[in-house]
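# Breakdown of the fold
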Amino acid sequence: MLKKVRILIVGFGVIGRGVARSISEKREFINGKYGIDFELVGIGEREGSIVCEKGIDPMEACMLKSLNEHPHWKEGAKAIDIIKGVDADIVIEATPTNIDTGEPGMSHMMAAFETKKHVVTSNKGPLTVAYTRLKKAAEENDIKFMFEASVGGAMPVLNMVRGTLQANEILGIEGILNGTCNYILTRMMTEGLPYEHVLSEAQELGIAESDPTYDVEGIDTACKLVILANSIFDMDISYKDVSVTGITNITSEALKLAYDDGYVIKLVGEIQNNNKPAVAPHLVPKDHPLAVGGTLNIISIRTDLAGEITVTGKGAGAVETSSSILSDLISIANEIP
Ligand code: HSE
């Protein structure tokens, strides 16, 4: 007997569509392995929503150029209204990151908690602006709030620390947490291509943020450090507590000079001891574990019992990020009676 779990996707950009596609493609696998059937009952977008309590075909929605072509499209129906009004178990919040207000994700998440819906998100904005408030609201409403996809895309970080490494004190973290910057630095170095050219390639790959200055100015990496600091180190910090330098001043010539000296330049984020969390370009020896190329992310976690644990993987991309979102969905679905 399959357990039906009703889900809403809010935000149908690269990530929202990627999740819908993976839910469709992995349906039989998830049915068979976990006895769970995710039923998509609503998709919320800026200009309107699709709502169908009998279930929406996720692949059909993905194939549409515009969601308003769907027979169940309701022009003007706001995402927040469907979060409040539609009977669902889990909301996947995948609207773009806004680190000034956290909106619209912030209101979406609070509305979900208040109406007793669990939340899975990749959206760094609300987590950066108001992590403690969100966590408290989720707890008070006895709701699960999971966000593995917000740090490092497909790479297991938060759940690995919370699960497998739970007996450890985490002493420090350093890593490359932005695929766009890593891609740009790698391509500029290996091909000598100009910065603007490679940035537009990263946008075409669907790995850059909606506003790519978040990537290249180090803001995205800083948001991920805030999430790590608050959720792993139990800090209560926000973006202003991170020292941030991006990659916009790095030239192909600088990359080449470094390379000839045996180094690569990487945008590294770190939280060490009592130092202020920091994001800055670092010279990394070519043979150092952090010297991963292309869109890869990497994170090294220093612990008291396990020593150093290093994980690398795809830190961005629709399908890759959907791996973490689906993992959080399955974890929550397993706990729904
Ligand atoms: N723009 C981000 C990156 C996406 O390039 O890593 C994943 O957070």
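Residues numbered from 1 in each chain as written. Predicted model: local features only at pLDDT ≥ 70, side-chain atom pairs only at ≥ 80, totals over all residues. Heavy atoms only, no water.

### Overview of the domain arrangement of the protein chain
The line we're drawing: For every domain, the bounds stem from an assignment made automatically or drawn from a database. For this analysis, residues touch if any pair of their heavy atoms sits within 4.5 Å. A quick way to say it: buried area is the sum, across both parts, of accessible area lost when two parts are put together, with a 1.4 Å probe. One side-chain nitrogen of Lys or Arg within 4 Å of one carboxyl oxygen of Asp or Glu is enough to make a salt bridge. Throughout this entry, Asp, Glu, Lys and Arg are counted as charged residues, while Ala, Val, Leu, Ile, Met, Phe, Trp, Tyr, Cys and Pro are counted as nonpolar. The remaining residues, Gly among them, count as polar.
As assigned here, the protein chain comprises domain 1 (3-153 + 318-335) and domain 2 (170-314). The interface of domain 1 with domain 2 comprises 16 residues on the first partner and 20 residues on the second. A buried area of about 1500 Å², summed over both sides, lies between domain 1 and domain 2, and 65% of it is on carbon and sulfur atoms. Run the count over domain 1 and domain 2 and you get 2 salt bridges. Here lysine 124 ties to aspartate 220 by a salt bridge, and the two come within 2.6 Å at their closest N and O atoms. Among the residues making up the side of domain 1 that touches domain 2, the classes are represented as 7 nonpolar, 7 polar and 2 charged.

### As for the site of the ligand
Short version of the rule: We call a residue near a molecule or strand whenever a single non-hydrogen atom of that residue lies within 4 Å of it. Counted as a polar contact is a pair of N or O atoms within 3.5 Å, where, for protein atoms, one must be capable of donating a hydrogen and the other of accepting one, and residues adjacent in sequence contribute only when both atoms are in side chains. Secondary structure elements follow DSSP: runs of H or I of four or more residues count as helices, runs of E of two or more count as strands, with numbering from the N terminus.
Around the ligand, the neighbouring residues are Lys124, Asn178, Gly179, Thr180, Ile207, Ala208, Glu209, Asp215, Asp220, Lys224, Gly315 and Ala316. With respect to the ligand, the backbone of glycine 179 contributes an N or O atom lying 2.8 Å from an oxygen atom. Residue aspartate 215 places a side-chain N or O atom 2.7 Å away from a nitrogen atom belonging to the ligand. Broken down by secondary-structure element, the contributors of at least two residues to the shell around the ligand are helix H8 (179-191) and helix H11 (219-232). Broken down by class, the residue content of the shell around the ligand amounts to 3 nonpolar, 4 polar and 5 charged.

### Quick look at the pairing of strand S8 (residues 170-176)
Just so we agree on the cut-off: Residue exposure (1.4 Å probe, protein chains only): buried if accessible area is under 20% of the type maximum, exposed if over 50%, otherwise partly exposed. By the convention used here, strands pair only if DSSP detects at least 2 bridges between them.
By the criterion of burial, S8 is predominantly enclosed, with 5 of the 7 residues buried. Bridging between S8 and strand S12 (residues 296-303) involves 6 bridges; their strand directions are antiparallel. If you follow isoleucine 176 over to S12, its bridge partner there is isoleucine 298.

### Notes on the nonpolar core
What counts, and what does not: To define a nonpolar core, start from buried Ala, Val, Leu, Ile, Met, Phe, Trp, Tyr and Cys residues and group those joined through side-chain atoms within 4.5 Å.
By size, the foremost hydrophobic cluster in this structure holds 70 residues, and its most contacted members are Phe113, Phe145, Leu228 and Ile299. When residues in this core are grouped by element, the largest group, 7 residues, is from H11. Counting residues domain by domain, this core receives three or more from each of domain 1 (3-153 + 318-335) and domain 2 (170-314). Apart from residues no more than four positions distant in its own chain, isoleucine 299 is found in contact with Met155, Val157, Ile173, Glu174, Gly175, Leu177, Leu228, Ile309, Thr310 and Val311. With 34 residues, the next largest nonpolar core counts Val19, Ala20, Ala94 and Ala333 among its residues.

### Things to note about helix H12 (residues 252-260)
Keep this limit in mind: Working definition: the arc comes from the directions between the helix axis and the C-beta atoms, pointing outward to the latter.
Those residues of H12 lying buried are Ser252, Leu255 and Ala258. Buried residues of H12, viewed axially, fall in a sector of 125°; they line one side. Residues of H12 that are exposed and angled more than 90 degrees away from the buried face: Glu253, Leu257 and Asp260. In this structure, the buried side of H12 is in contact with H8, strand S10 (263-272) and strand S11 (278-285). Just beyond H12, the residue with positive phi is glycine 262, at close to 95°.

### Details of the packing of H8 against H12
What counts is decided by this rule: A fitted line through C-alpha atoms serves as each axis, taken over the contacting stretch for helices, and the angle formed by two N-to-C directions is quoted from 0 to 180°. We call two directions roughly parallel when the angle between them is under 35 degrees, roughly antiparallel when it is over 145, roughly perpendicular when it lies between 65 and 115, and oblique otherwise.
Here H8 crosses H12 at 75°, and the two axes come no closer than 9 Å. Put simply, H8 runs roughly perpendicular to H12. For the pair H8 and H12, contact is made by Leu185, Met188 and Met189 and by Ser252, Leu255 and Tyr259, respectively. A per-class count over the contact of H8 with H12 returns 5 nonpolar, 1 polar and no charged.

### Comments concerning the packing of aromatic side chains
Applicable threshold: The aromatic pairing rule takes the rings of Phe, Tyr and Trp, using the six-membered ring of Trp, and pairs them if the centres are within 6.5 Å, calling planes under 30 degrees apart stacked, those over 60 edge-to-face and the rest tilted. Lysine NZ or arginine CZ positioned within 6 Å of the ring centre and within 35 degrees of the ring normal marks a charge as sitting over the ring.
In the structure shown here, the tally under the stated rule is 4 aromatic pairs. Both rings, one in phenylalanine 29 and one in tyrosine 34, keep their centres 6.5 Å apart while their planes meet at 75°; by these two values the pair is edge-to-face. Here phenylalanine 29 falls in the partly exposed class, since its relative accessible area comes to 43%. A relative accessible area of 33% places tyrosine 34 in the partly exposed class. For the ring pair tyrosine 131 and phenylalanine 147, a centre distance of 5.9 Å and an interplane angle of 90° mean the geometry is edge-to-face. Taken together, the residues tyrosine 131 in helix H6 (residues 124-140) and phenylalanine 147 in the loop between strand S7 (145-146) and helix H7 (158-162) connect sequence positions 16 residues apart. One aromatic cluster in this structure is built from Phe113, Tyr131, Phe145 and Phe147. Here the basic side chain of lysine 26 rests over the ring of phenylalanine 29, its NZ or CZ set 4.1 Å away from the ring centre. In this structure, lysine 286 packs its charged tip against the face of tyrosine 259, placed 3.8 Å from the ring centre.

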